[in-house]
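Residue-level structural notes
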Amino acid sequence: MLLCAIIANGYSISTGEERSTLPPFVTNIRFTGNKAISDEELRQIIATSEHTTFLGLGLFGGALKPFNQEEFEKDLSLIKKLYTYKGYFFSTVDTTIVRKGNGKKVDLKILIREHEPSRIDSLKYEGLEKISKDCKAHYLDTRRLKVGDIFSVDRLIEERNRTISFFREEGFAFFHEDSIRIKVDTVGNRAGVMFRLSLPEQLKYGTIHAVVHNPMRSDTAPGEKNFTKDNISGKIIGKQNISPDLIASAIEYRPGKVTRQTLEQHTLQNFGITNIFSSIYITPDSVRNGALFTTVHLETAPRHQIEPKLLVDNRYGALFFGGSLAYENKNLLGGAEQFHTSAEFGTQVGDNNTLLGNLDPTQYAKVIPYEFNLKSSLILPVLKKPGNAYSVTAEYASTIQPVLLSTQNGLIRGSYNAKLSPSSHLTFDFFEVELIKSDSLRGFKQLFKTNLAQNIGINPANSAAVNAGIDSLLQTHIDQTFRLRYNFTNRKSVPSEKTIWNLDLLLEDCGTIPWLIDKYVDKKNYIGFTGNDPQIFGTTYTQYIKVEPGLSVIQNISPESQIAGRGDIGWMTPWGKAETTPQERRFYAGGANSMRGWLFNALGPDNSVSSAAAKFGADIKLELNMEYRLKFFKFFRQQSGITLFSDMGNIWDRTGPYAFNLKSMINNYAWDAGIGLRIGSPIGPFRFDFAYKLRDPTETKPWRISTWKLNDFTFNFGIGEAF
């Protein structure tokens, strides 16, 4: 009998076919009849889940989760509770279980009959006698509940939270959840709601005390500095260099003011912005005669920080690697001044250079590109305006580029950063001077004649014109710039399921001060220059105007997936005596954060076939990027997944054979698409992107789809999302 039972268990009684001995798994969950609650919200509350794979190919699906009947019944109960929570007291849930594949698979059909929800037919508030008529009117005018609304628990909670925030903002500092009693009477589809409020004493701020604790030793250790500043008393324990002005300016409330929750929240934010405290909290000490006495407790973070970094990418095609070492002092002079200095060096693995493919190897020097950079900056906060700061930056860079140029840059910049609102800020570079000196390496003249001359309207056979063009590229010159950058984002002000967008606007003017010096101060004649050349004291200066607006949008579809897009437009033109724009300030296309079907700065301008020409940039840029991001596994507890992306755009000259116009925009745009792997890390996802060119304007037949090959891709590597 036991043997027969074992055999019967392995075969279907009706057909004799072999049955699976493994428990079935769920392949599909379908909801019908649900209008008030979305499928996505229902899927989030149930434990039963579908076994899905990437594009249905059986990839990245993970281990099979067996279907559990008891767990599924609990899920149905949760759905019923959720509908009750939403005010649908008479909803019903029916199910159909369909078994497939000889019992290996299960499809679940969940039918929901919502019926009519319960609605509020009466709404009352009691306990408002202590407040003024204006305050009472304002409270009732801003209520979230109204007669006729669907009754639901989450609406009650929303109204309760609004009530707590409202009265804490009106001086009732100790008003809390237990100060509210909510009574609900339900009859059929009708609900009567009453809020009974128990208001405590309305308070004003009394004495405010601030304590800067010693993070290294006990507060009982000897040594402290007492101060009184702007009606705030405090003490700094230990030999810590903290300015009393910094503390007083960050605290937004003062003795005698009505207690307000927002003032305390802004105070915490102001201290957080300084970046020098590891712990910040406010404690109510006591209440006497209608006054609330508080203490602000501050604990400083480590002042010094050393940060090494490893840099790896493929900007010129071959592996480019390097490192940097940075030192930061977060509180240089006691007022949260941040001093940062760093040294960075990177080089290519070898002298392999695809940009010089049009030259014979004997015509140019073997060059190994490298970049060396020294940078120091000092940020000086404006204590009376938390979030605003001045900054000073000094930078030196030495570079050998694969286009047979060596460049040295020296820069000094002064900036003012203004926090306009919690969602927007403005940066004004009111002083910037950069000195650029370029030298050519062996073979640059041949490269210029072969790849660059025609791009800028020079006849390669005209030696005089070629020499003049090279001299213009290699001139030592000065960039004096005024720069204004405005940024607005709603990232912090909207829930994660809403659309997040970021607007960035850049305006630049270069050469105004040198032009004034040239016109009114330095009127001498210098050898090699004419009166029409932009120069001061024998050195060329550049003049241009630049505008670059950009907009990025992110739409979260689910906690694991999102759609993102970015549009970027750039335009610049010389003015005054200048006839061209400087190479280092132009627009470029190609690379991990741009057109990923092309290597770093290797696309354009227009339909130019020279990758070397693209390294000198162009004055006009149009670019559009789209991504679908899917996170479905974790790597060292960090969300990871894949991204499907597509990029479209190019760069153009203002004049010449590769100038921008409607015809060239329509005929000579580039387009790529691809797939990328995202490996999560604490500093952002590591990006490994494989892009295929769909449309290449440099080809006689731009569309590449008919000649598509699996191994014909461009690989780009980066850290953090592309936008």
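Residues numbered from 1 in each chain as written. Predicted model: local features only at pLDDT ≥ 70, side-chain atom pairs only at ≥ 80, totals over all residues. Heavy atoms only, no water.

**Points about the overall build of the protein chain**
- Each helix and strand counted, the protein chain has 12 helices and 29 strands in total.
- For 723 residues, the compact-globule formula gives about 27 Å, and the C-alpha radius of gyration of the protein chain, at 34 Å, lies well above that figure.
- Each of the three principal axes of the protein chain carries a C-alpha extent, and together these read 95 × 90 × 50 Å.
- Taking all 723 residues of the protein chain together, 42% fall into the buried category.
- The contacts in the protein chain between residues at least 6 apart in sequence include a share of 63% that link residues at least 24 apart. (Helix = DSSP H or I, 4+ residues; strand = E, 2+ residues; numbered from the N terminus. Rg over C-alpha atoms; globule rule 2.2 N^0.38 Å. Buried < 20%, exposed > 50% of the residue type's maximum accessible area, 1.4 Å probe, protein only. Contact = heavy atoms within 4.5 Å.)

**Re the sheet that holds strand β7 (residues 204-213)**
- Here we have five strands laid out as an open sheet, ordered β8-β9-β7-β11-β10, and mixed in their pairing. Of all the strands in the sheet, the pair left with one neighbour each is β8 (224-229) and β10 (277-288). On average, adjacent strands in this sheet sit at an angle of 15 degrees to one another, irrespective of strand direction.
- Where β8 and strand β9 (residues 232-237) come together, six bridges link them in antiparallel fashion. Looking at the pairing, Lys225 lines up with Ile236 of β9.
- On top of the sheet, helix α7 (residues 261-274) reaches β7, β10 and β11 (291-300); it is set at about 155 degrees to β10, its chief contact. (Pairing = 2+ DSSP bridges. Axes fitted to C-alpha atoms, helices over the stretch in contact; angles between N-to-C directions.)

**A few points about unusual backbone geometry**
- The omega torsion across Gly604 and Pro605 is -5 degrees, close enough to zero to call that bond cis.
- At Asp606, a position not held by glycine, the phi torsion is positive, near 55 degrees.
- When you line up the elements, Asp606 lands in the loop between β24 (561-574) and α11 (611-614).

**A word on helix α3 (residues 69-85)**
- End to end, α3 covers 24 Å across 17 residues, agreeing with the expected 24 Å (1.5 Å per residue, within 8%).
- Contacts made by the buried residues of α3 are with β1 (25-32), α2 (39-45), β2 (92-100) and β3 (105-113).
- You can read the cap of α3 off the contacts: a side-chain oxygen lies 3.0 Å from the backbone nitrogen of Glu70, and it is on Asn68. (Expected span 1.5 Å × (residues − 1). Polar contact = N/O pair within 3.5 Å; in protein donor to acceptor, adjacent residues only side chain to side chain.)

**Considering the nonpolar core**
- Ranked by internal contacts, the top residues of the largest apolar core, which has 23 residues, are Ile242, Ile247, Ile251, Tyr253, Phe271, Val296 and Leu298.
- Elements that contribute at least two residues to this core include exactly β7, β9, α6 (244-250), α7, β10 and β11.
- Looking at this core element by element, the count peaks at four residues for β7.
- Ignoring any residue separated from it by four or fewer positions in sequence, one finds Ile242 in contact with Val212, Lys225, Ile236, Ile247, Ile276, Thr300, Asn331 and Gly334. (Core = buried A, V, L, I, M, F, W, Y, C linked by side-chain atoms within 4.5 Å.)

**Describing the pattern of salt bridges**
- Applying the stated criterion to the full structure yields 36 salt bridges.
- Note that Asp504 and Arg485 form a salt bridge whose closest N and O atoms lie 2.6 Å from each other. A residue pair is termed long-range when its members are at least 10 positions apart, and Asp504 in strand β20 (residues 499-510) and Arg485 in strand β19 (residues 477-489) qualify at 19 residues.
- Accessibility expressed as a relative area gives 18% for Asp504, which makes it buried.
- We classify Arg485 as partly exposed; its relative accessible area is 33%.
- Put simply, Arg629 and Glu721 hold a salt bridge, and the shortest N to O gap is 3.7 Å. Note that Arg629 is positioned in strand β25 (residues 620-635) and Glu721 in the segment after β29 (714-719), a separation of 92 residues in sequence.
- Residue class for Glu721 comes out partly exposed when judged on its relative accessible area of 25%.
- Overlapping salt bridges bring together Arg413, Asp429, Glu432, Glu434, Asp479, Arg483, Glu508 and Arg585 as one network. (Salt bridge = Lys/Arg side-chain N within 4 Å of Asp/Glu carboxyl O.)

**Section: the environment of Val521**
- With respect to the helices, strands and loops of the structure, Val521 is situated in the loop between α10 (512-520) and β21 (535-536).
- Given the relative accessible area of 60%, Val521 is considered exposed.
- When the C-alpha atoms of Val521 and Phe172 are compared, they prove to be 66 Å apart, with 349 residues separating the residues in sequence.

**Topic: the sheet that holds strand β4 (residues 119-126)**
- Judged by pairing direction, the sheet is mixed, and its three strands sit side by side in the order β4-β6-β5 without closing on themselves. Of all the strands in the sheet, just β4 and β5 (180-187) have a single pairing partner and so form its edges. Recorded for the sheet is a direction-independent mean angle of 15 degrees between the axes of neighbouring strands.
- Relative to strand β6 (residues 190-197), β4 runs parallel, the two sharing seven bridges. Paired with Glu126 across the two strands is Arg196, which belongs to β6.
- Packing against the sheet, helix α5 (residues 153-169) makes contact with β4, β5 and β6, and its axis sits at approximately 20 degrees to β6.

**Thoughts on the confidence of the model for the protein chain**
- Mean pLDDT over the protein chain: 88, with 94% of residues reaching 70 or higher.
- Note that pLDDT drops below 50 for residues 1-20; the model gives that stretch 14 contacts with residues more than four away or on any other chain. (pLDDT = per-residue confidence, 0-100.)

**Observations regarding the packing of helix α4 (residues 133-141) against α5**
- Between α4 and α5, whose axes approach to 11 Å, the crossing angle comes to 150 degrees. Taken together, α4 and α5 sit at an angle that is classed as roughly antiparallel. Between α4 and α5 lies a crossing of right-handed hand. Between α4, through Cys135, His138 and Tyr139, and α5, the contact on the second element is made entirely by Glu159, Arg162, Thr163, Phe166 and Phe167. (Parallel < 35°, antiparallel > 145°, perpendicular 65-115°, else oblique. Left-handed = near helix turned anticlockwise from the far one by under 90°.)

**A closer look at the pairing of β6**
- Most of β6 sits out of view: six of its eight residues are buried.
- Across eight bridges, the pairing between β5 and β6 is antiparallel. In the strand pairing of β6, Lys183 is matched with Met194.
- Count of turn residues in the β5/β6 antiparallel hairpin: two residues, of which Gly188 carries a positive phi of about 60 degrees.

**Focus on the side chain of Lys330**
- With respect to the element layout, Lys330 can be found in the loop between β13 (318-329) and β14 (338-348).
- Buried charge Lys330 goes without a salt bridge, the closest partner of opposite sign being Glu328 at 5.4 Å.
- Ignoring anything within four residues of it in the chain, the contact list for Lys330 reads Asn275, Ile276, Pro302, Arg303, Gln305, Ala336, Glu337 and Gln338. (Lys, Arg positive; Asp, Glu negative; His and termini not counted.)

**Focus on a nonpolar patch on the surface**
- Nonpolar side chains collect at one region of the surface, where Leu380, Tyr390, Ile412, Phe428, Phe430, Phe431, Leu484, Leu505 and Leu507 lie side by side and expose about 720 Å² of accessible area between them.
- Elements with a contribution of two residues or more to the nonpolar patch: β18 (424-440) and β20.
- Among the elements that take part in the nonpolar patch, β18 stands out by supplying three residues, more than any other.
- Turning to its location among the elements, Phe430 is positioned in strand β18.
- For Phe430, a relative accessible area of 35% gives the class partly exposed. (Patch = residues over 30% accessible without salt bridge, like charges linked within 9 Å, V, L, I, M, F, W, Y side chains within 5 Å. Areas by Shrake-Rupley, 256 points an atom, 1.4 Å probe, with all protein chains shown as cover.)

**Comments concerning the pairing of β2**
- In this sheet, β3 lies alongside β2 in antiparallel orientation, the contact comprising nine bridges. Each bridged residue has a counterpart across the sheet, and for Asp94 the counterpart in β3 is Leu111.

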